[in-house]
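Fold and geometry: a report
The lines below spell out each chain.
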Amino acid sequence: MKTRLTALYRRSRLCAAIAATVVVLGLTPNAQAIDVFNSDFSKGTFDTLGWKSKGDWSIINMGDGKPDLAKNPGPVAKFPANGTKPGTLTKTFAPIKNPGQLKLTFDAGYGWGRPDHAQNLQIMLLDENGNGYSFTNQRSKANWGVQWGIVSLYGFNDAMKWAASEVDATQPAVIDGGGLRTFTITRDGAGKWSFNSDEWKGGPVTFTDNTTTTFTQVVLCGSPNTDDLLYGKIKLESDKAPDPTLIGANGTIAQTPEYLDFNPGRVTAGSEWVQKIEVKSPALRSEVKGDVKVEFSAPGMTQAVALCWQQPTKAEPSVWGHDAKLADIKLDATGNGSFVFPAEQFPNGPITVRILASNDNTKDSREIQLYNTGGVVWNQGMPKTAPAAAQGMKLAFADDFNGPLSISRDGKNARYNAHKPGGGDFSGWPFSDPEGPDNPYSQQGTYLRIRASKKPDGKGSAGIIAPIDADGKGFYATAPFYMECRFTAQSAPGTWPAFWTLIREEKLGGEKGLKDVNDELDIIEAYGGVGPGNPNHPGYSITSHFWNQKDAEGKKVEDKWKRIDMLGIGGKSYWSTTFHTYAVKVTLTDTIYYLDDIEVFRHPSGELSKTQPSFFMINYAIGGISGWKIDLEREGNASDMYVDYVRVYQGTK
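Figured I'd write up the structure that's included with this text. Please read all numbers here as calculations on a predicted model, not as lab measurements.

Next up on the list: the overall build of the protein chain. Across its full length, the protein chain holds two helices and 41 strands. Out of the 653 residues in the protein chain, the part that is buried amounts to 57%. Intrachain contacts of the protein chain at a sequence separation of at least 6 include 72% that bridge at least 24 residues. Put simply, the protein chain shows about 25,700 Å² of open surface, and 48% of that area lies on carbon and sulfur atoms.

Bringing the sheet that holds strand E19 (residues 291–297) into the picture now. Here three strands make up an open sheet; going across it, the order is E17-E19-E22 and the pairing antiparallel. If you trace the sheet from one side to the other, it starts and ends with strand E17 (278–281) and strand E22 (336–342), each paired once. On average, adjacent strands in this sheet sit at an angle of 30° to one another, irrespective of strand direction. Inspection of the sheet shows E17 paired to E19 by three bridges, in the antiparallel sense. Within the sheet, the bridge partner assigned to Glu-278 lies in E19 and is Ser-297.

Bringing the packing of aromatic side chains into the picture now. Summed over the entire model, instances satisfying the criterion amount to 37 aromatic pairs. An angle of 50° between the planes, with centres 5.2 Å apart, marks the rings of Phe-341 and Phe-346 as tilted. As far as burial versus exposure is concerned, Phe-341 and Phe-346 are alike and both buried. Considering the side-chain rings of Tyr-371 and Tyr-642, the 6.1 Å spacing of their centres and the 40° angle between planes classify their relative orientation as tilted. With Tyr-371 in strand E24 (residues 363–372) and Tyr-642 in strand E41 (residues 638–650), this pair connects stretches of sequence that are 271 residues apart.

Right, let's get into the pattern of salt bridges. Enumeration over the complete set of coordinates arrives at 19 salt bridges. A salt bridge links Asp-35 to Lys-235, with the nearest nitrogen and oxygen atoms 3.8 Å apart. Placement of the pair is Asp-35 in strand E1 (residues 34–40) and Lys-235 in strand E16 (residues 229–238), with a sequence separation of 200 residues. For Asp-35, a relative accessible area of 44% puts it in the partly exposed group. The residue Asp-640 makes a salt bridge to Arg-451 at a minimum N-O spacing of 2.7 Å. One end of the pair, Asp-640, is in strand E41; the other, Arg-451, is in strand E29 (residues 447–454), and 189 residues separate them in sequence. Classification of Asp-640 as buried rests on a relative accessible area of 1%. Residue Arg-451 is classed as partly exposed on the basis of its relative accessible area of 22%. Residues joined by salt bridges that share partners form a network here, namely Asp-438, Lys-455 and Lys-459.

This part is about unusual backbone geometry. Glycine aside, a negative phi is what most residues show, and trans is what most peptide bonds show. A cis amide bond, omega 0°, links Ser-281 with the succeeding residue Pro-282. Within the secondary structure, Pro-282 sits in the loop between E17 and strand E18 (287–288). The linkage connecting Ala-479 with the following residue, Pro-480, adopts the cis geometry, with an omega of 5°. Here Pro-480 lies in the loop between strand E31 (463–465) and strand E32 (481–489). A positive phi is found at Asn-379, a non-glycine position, where the angle reads about 50°. With phi around 60°, Lys-572 is a residue other than glycine that occupies positive phi space.

To continue, consider the nonpolar core. Membership of the largest hydrophobic core comes to 65 residues, with the highest contact counts inside it found for Phe-499, Tyr-540, Tyr-582, Phe-616, Ile-618 and Val-646. It is strand E40 (residues 614–622) that contributes the most residues to this core, seven residues altogether. Excluding anything up to four places from it in sequence, Val-646 contacts Met-382, Phe-397, Ala-398, Asp-399, Phe-401, Tyr-416, Glu-484, Cys-485, Phe-499, Phe-616 and Ile-618. Core analysis: the second largest hydrophobic core is formed by 42 residues, Leu-49, Ala-163, Phe-207 and Tyr-231 among them.

What follows covers the sheet that holds E18. Paired through backbone hydrogen bonds, the strands of a sheet run either parallel or antiparallel to each other. Spatially, E18-E24-E23-E20-E21 is the arrangement adopted by the five strands of the open sheet, whose pairing is mixed. Pairing within the sheet leaves two strands with one partner each, and these edge strands are E18 and strand E21 (322–330).

Within a regular strand, the side chains alternate between the two sheet faces. Counted residue by residue, E24 has eight buried out of ten residues, so it is predominantly covered. With two bridges joining them, E18 and E24 adopt parallel strand pairing. By the bridge assignment, Val-288 is partnered in E24 with Asn-372. Two strands pair when backbone bridges link them, and strand E23 (residues 349–358) and E24 are joined in this way by ten bridges, in the antiparallel orientation. The residue of E24 that forms the bridge with Leu-356 is Ser-365.

Topologically, Asp-198 is positioned in the loop between strand E13 (192–197) and strand E14 (205–208). Along the primary structure Asp-198 and Thr-182 are separated by 16 residues, whereas in three dimensions their C-alpha atoms are 7.9 Å apart.

Here Lys-412 is to be found in the loop between strand E26 (407–408) and strand E27 (416–417). When the C-alpha atoms of Lys-412 and Lys-473 are compared, they prove to be 8.7 Å apart, with 61 residues separating the residues in sequence. Sequence-distant contacts of Lys-412, that is, excluding residues within four places in its chain, are made with Asp-469 and Asp-471. Side chain to side chain, Lys-412 and Asp-471 meet in a polar contact 3.0 Å long.

Next up on the list: the side chain of Ser-576. Among the structural elements, Ser-576 can be located in the loop between strand E36 (560–564) and strand E37 (580–586). Once residues lying within four places of it in the same chain are set aside, the contact partners of Ser-576 are Thr-352, Glu-367, Thr-488, Ala-489, Gln-490 and Ser-491.

Rules of the game
- Residues numbered from 1 in each chain as written.
- Predicted model: local features only at pLDDT ≥ 70, side-chain atom pairs only at ≥ 80, totals over all residues.
- Heavy atoms only, no water.
- Helix = DSSP H or I, 4+ residues; strand = E, 2+ residues; numbered from the N terminus.
- Buried < 20%, exposed > 50% of the residue type's maximum accessible area, 1.4 Å probe, protein only.
- Contact = heavy atoms within 4.5 Å.
- Areas by Shrake-Rupley, 256 points an atom, 1.4 Å probe, with all protein chains shown as cover.
- Pairing = 2+ DSSP bridges.
- Axes fitted to C-alpha atoms, helices over the stretch in contact; angles between N-to-C directions.
- Phe/Tyr/Trp six-rings, centres within 6.5 Å; stacked < 30°, edge-to-face > 60°.
- Salt bridge = Lys/Arg side-chain N within 4 Å of Asp/Glu carboxyl O.
- Core = buried A, V, L, I, M, F, W, Y, C linked by side-chain atoms within 4.5 Å.
- Polar contact = N/O pair within 3.5 Å; in protein donor to acceptor, adjacent residues only side chain to side chain.

So, in structure tokens, the structure goes:
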């Protein structure tokens, strides 16, 4: 969840301390070169040249006040020395798919002359999802000054690779009279890369890799070096013209490096997952009871297992419940299989039956959302006692969704607002009004159901609730407070359930050109979907943002985050397998996060969290600014989130 649509750059694992200056992706003599872009930072601004900057990038005249320069490069793009945070300078273009040859050239260097320091320049060539390659060149008195690495979703794989042969990277800095240098990387149609400079001893650096074959971004990475990083002319050529029909959904480039918040500690596995399982019966998201025959097909798969989370039994008495195997299934020659789900033996209400099909090389997981009208009432509804973490506090807000829903498009004359207070709805399938034909809200049993869906005409809808209306009036909590919500949702490509907080919108200042400061506490952000290009997240993410805030020394207040691998906590079940309770406690000293009453993360409380009123939001977003792709076709373009209850405690008795 993001408090601002204005993207704020966060420190990535990529743009840390790496170098790559001029990259040339080579064209063979017989290939006809097509200019993809041709930039000269001495002839325009970032905006006019089509570059998007994040961080302290600027264009300066390197010759100003320095008449002793032997080689004055003139106006250049600069990332300043002695910075405290990284930045990016990004050029996006329509995708170039499977090019036979590429050629990217640019000039770069260092602004100061400190021979006792190693400095790094880094460049990345990526696809729309942040997959591709990074090249670095290190200025140092030592050899071995070049590295390259594969990039997955803007994060390096296991390690960068040093050049196989020694490369002399001791070229002087601009202030020494050295001027800018030109470097080259070539890529041919077979995926052979070459990184070189005519001044290197021991170059070029070569390797062959075809992990990524479509390119749509060039990213210059500024890191907190002790010298200025300087870039001059940069030009990209290809033997293929960019194809605008390959641009991502809504004409945007997904997962841009300006906003690397989503799925912190991201997982980049998933090549073994494919979509094969198709459910024939029962109907998806239907009501069931008694013995339910489940029929499905998984072409190409040979075996399957069916599972469902069950309440404590005599054989499995754990208070958390347990994962019950429904059947081992041997699929027929065409991949067909079936089993019986004994609904009366499982929890009443929303339930997820899971099928895992596989063969020797690939596998598929399918979550079948159902509503059990029979079964066993277990762990359902708001507890009568306060959670341990809220002991000594007063109950200030509670909703178990047993009564009629009270939601309106602006929150006026209702308990909840159906949009993000202050604006900035962020879901790819828009948050929709309860008064309209795309109403995503309903009450099913004792639950709030938020249904995300898309009609055949391509219009999607999703839902969010906040106890604050469009005028900023409603329920707020002031520290010390404790908030918790119990819900479940489906893990499928694009699903994005969350429970999170913001402080009250007020004019509190902030850096020039950026929106107001805020504390955002993402108690849970869950990212659905497995397989290539999907999150493949082993649990969920907690993130505390301190938007546009600086500490007493003028440094940016860094975000705090943790990936919660929930399969090792408590009942050891996933967020889509069964209901869980997610909570945050904010005190005047610490902010503490809980999963099912178990502490999973804590950090010092933000200054605004300690003094400003906060409000919560619960949402079921689909895609959007997270950048994760949406693929709910086999779910009938629909998916449900069920909220059992939400409650807030604050102060002391």
